[in-house]
Amino acid sequence: MSKLLSSRRVFLNAGLVGAALLLGGCGKQETAAPTGAASAPTAAAASAPPAKVYVVGTDAAYAPFESQNEKGEIVGFDIDIVSAIAAKAGVQVKFVNTPWEGIFNAVAQGDRDFLVSAITITDERKQTMDFTAPYFDAVQLIAVRKDSKVGKFEDLKALRVGVQTGTTGDEVVTKLLGKNSTAIKRFESTPLALKELESGGVDAVVADNGVVIHYVANNAGVGFKTVSDPSFPSEQYGIAVRKGNTAVLDMLNQGLSGIRADGTYDRIYAKYFGSAPGAAAPASAASR
Ligand code: ARG
């Protein structure tokens, strides 16, 4: 079912991109002059165009990568990385909370200029959008209640497993349990899946290691533990743009290499994960 869903989504994306091209190619830009204004070239030329603000979609329920603080501000590792890239590139960005379910369509339609959302670069996704160079390494990690006997991924075969719909966690669990399995419980966010683990509605949750580790560390009272498994493929996060949007992609890639070269990336990494990347064992290995 997930396969079917995702191929339908690909189809839908293709249609929307096609429609966007028919409508004039440039997608929606916040600063695009309305048609009326465009027919008054003298006035337009006289005043400098307002600086473009790039609209960035993120599903802000994924701490420590993106979440909303008490003030409702969107914060996190991804937010700091993109803000640093924008500063390097001399552009402005605005983060807009965007549900994961519709996030890929939002960039395909031009409602978002790009997406930062702990998005794993996959071959399937590369068919409908373009990704920057990888900016973060991740792997799936299992969360279970402390008294659980689960010791490896295979052990989930006979259990009820929670995932966030359409994530790579959903993909690996669907592969293990079968696409028609009724034991897979799909949630619109990862925190909702973890809540369900707490209340006993599922026996395990599979999600990105960074998020699971963060949740377990910050909710000590709920009594979860983590289980890693060497069979999980390694994943890498990328920033996503609409397919063919090389202008934005180049800007992001240049900014990313800039913040890697000048130490900004390492500083942000250390702020969230304690040490520079590669300086310590991967978080998943240390989490047992
Ligand atoms: N890395 C996983 C994926 O790309 C999960 C990402 C979920 N991100 C989020 N902000 N909810 O499928």
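Please refer to the structure placed before this passage.
Residues numbered from 1 in each chain as written. Predicted model: local features only at pLDDT ≥ 70, side-chain atom pairs only at ≥ 80, totals over all residues. Heavy atoms only, no water.

**Some remarks on unusual backbone geometry**
- Cis rather than trans, the peptide bond between A63 and P64 has omega equal to 5°.
- In this structure, P64 sits in the loop between β2 (61-62) and β3 (66-68).
- Located in the positive-phi region is A118, a residue other than glycine, with phi close to 55°.
- Here A118 is to be found in the loop between β6 (114-115) and α6 (123-126). (Helix = DSSP H or I, 4+ residues; strand = E, 2+ residues; numbered from the N terminus.)

**Quick look at the environment of K88**
- Among the secondary structure elements, K88 is positioned in helix α4 (residues 77-89).
- A C-alpha to C-alpha distance of 8.5 Å links K88 and Q254, two positions 166 residues apart in sequence.
- Once residues within four sequence positions are removed from consideration, K88 is found in contact with G255, G258, I259 and D262. (Contact = heavy atoms within 4.5 Å.)

**Some points on the pairing of strand β12 (residues 204-208)**
- Within β12, five of the five residues are buried, which leaves the element mostly enclosed by the surrounding structure.
- By the bridge criterion, four bridges tie strand β9 (residues 140-145) to β12 in an arrangement that is antiparallel. The residue of β12 that forms the bridge with Q140 is D208.
- Where strand β10 (residues 161-164) and β12 come together, two bridges link them in parallel fashion. Looking at β12, one finds that V161 is bridged to A204. (Buried < 20%, exposed > 50% of the residue type's maximum accessible area, 1.4 Å probe, protein only. Pairing = 2+ DSSP bridges.)

**A word on the packing of α4 against helix α10 (residues 246-261)**
- The interhelical angle for the contact between α4 and α10, taken along N-to-C directions, is 100°, at an axis separation of 8 Å. Classed by the angle they form, the pair α4 and α10 counts as roughly perpendicular. Residues I81, A84, I85, K88 and A89 of α4 touch α10, and the partners they reach there are M251, L252, G255, L256, G258 and I259.
- Among the residues making up the contact of α4 with α10, the classes are represented as eight nonpolar, two polar and one charged. (Axes fitted to C-alpha atoms, helices over the stretch in contact; angles between N-to-C directions. Parallel < 35°, antiparallel > 145°, perpendicular 65-115°, else oblique. Nonpolar A, V, L, I, M, F, W, Y, C, P; charged D, E, K, R; others polar.)

**Here we look at the site of the ligand**
- Residues in contact with the ligand amount to 14 residues; listed here are only the nearest, D59, S117, A118, R125 and D208.
- Between a nitrogen atom of the ligand and a main-chain N or O atom of A118, the distance comes to 2.7 Å.
- Between the ligand and R125, the relevant distance is 2.7 Å, taken from an oxygen atom to a side-chain nitrogen or oxygen of the residue.
- Contact with the protein chains covers 100% of the free accessible surface of the ligand, which is 350 Å².
- Of all the cavities here, the one that holds the ligand is the largest cavity. (Near = heavy atom within 4 Å. Polar contact = N/O pair within 3.5 Å; in protein donor to acceptor, adjacent residues only side chain to side chain. Areas by Shrake-Rupley, 256 points an atom, 1.4 Å probe, with all protein chains shown as cover. 1 Å grid on protein atoms, 1.4 Å probe; cavity = no way out; pocket = protein on both sides within 12 Å on 5 of 7 lines; lining within 4 Å. Sits in = over half its atoms within 2 Å of the grid points.)

**Focus on empty space enclosed by the protein**
- Taken as a whole and assessed by the stated rule, the structure comprises one cavity of 30 Å³ or more.
- The volume enclosed by the largest cavity comes to roughly 90 Å³.
- Looking at the largest cavity, the residues that line it are D59, Y62, E66, W100, S117, A118, T120, R125, Q164, T167, T168 and D208.
- Across the lining of the largest cavity, the residue classes tally to three nonpolar, five polar and four charged. (Points joined across faces, edges and corners; volume = space filled by probe spheres on them.)

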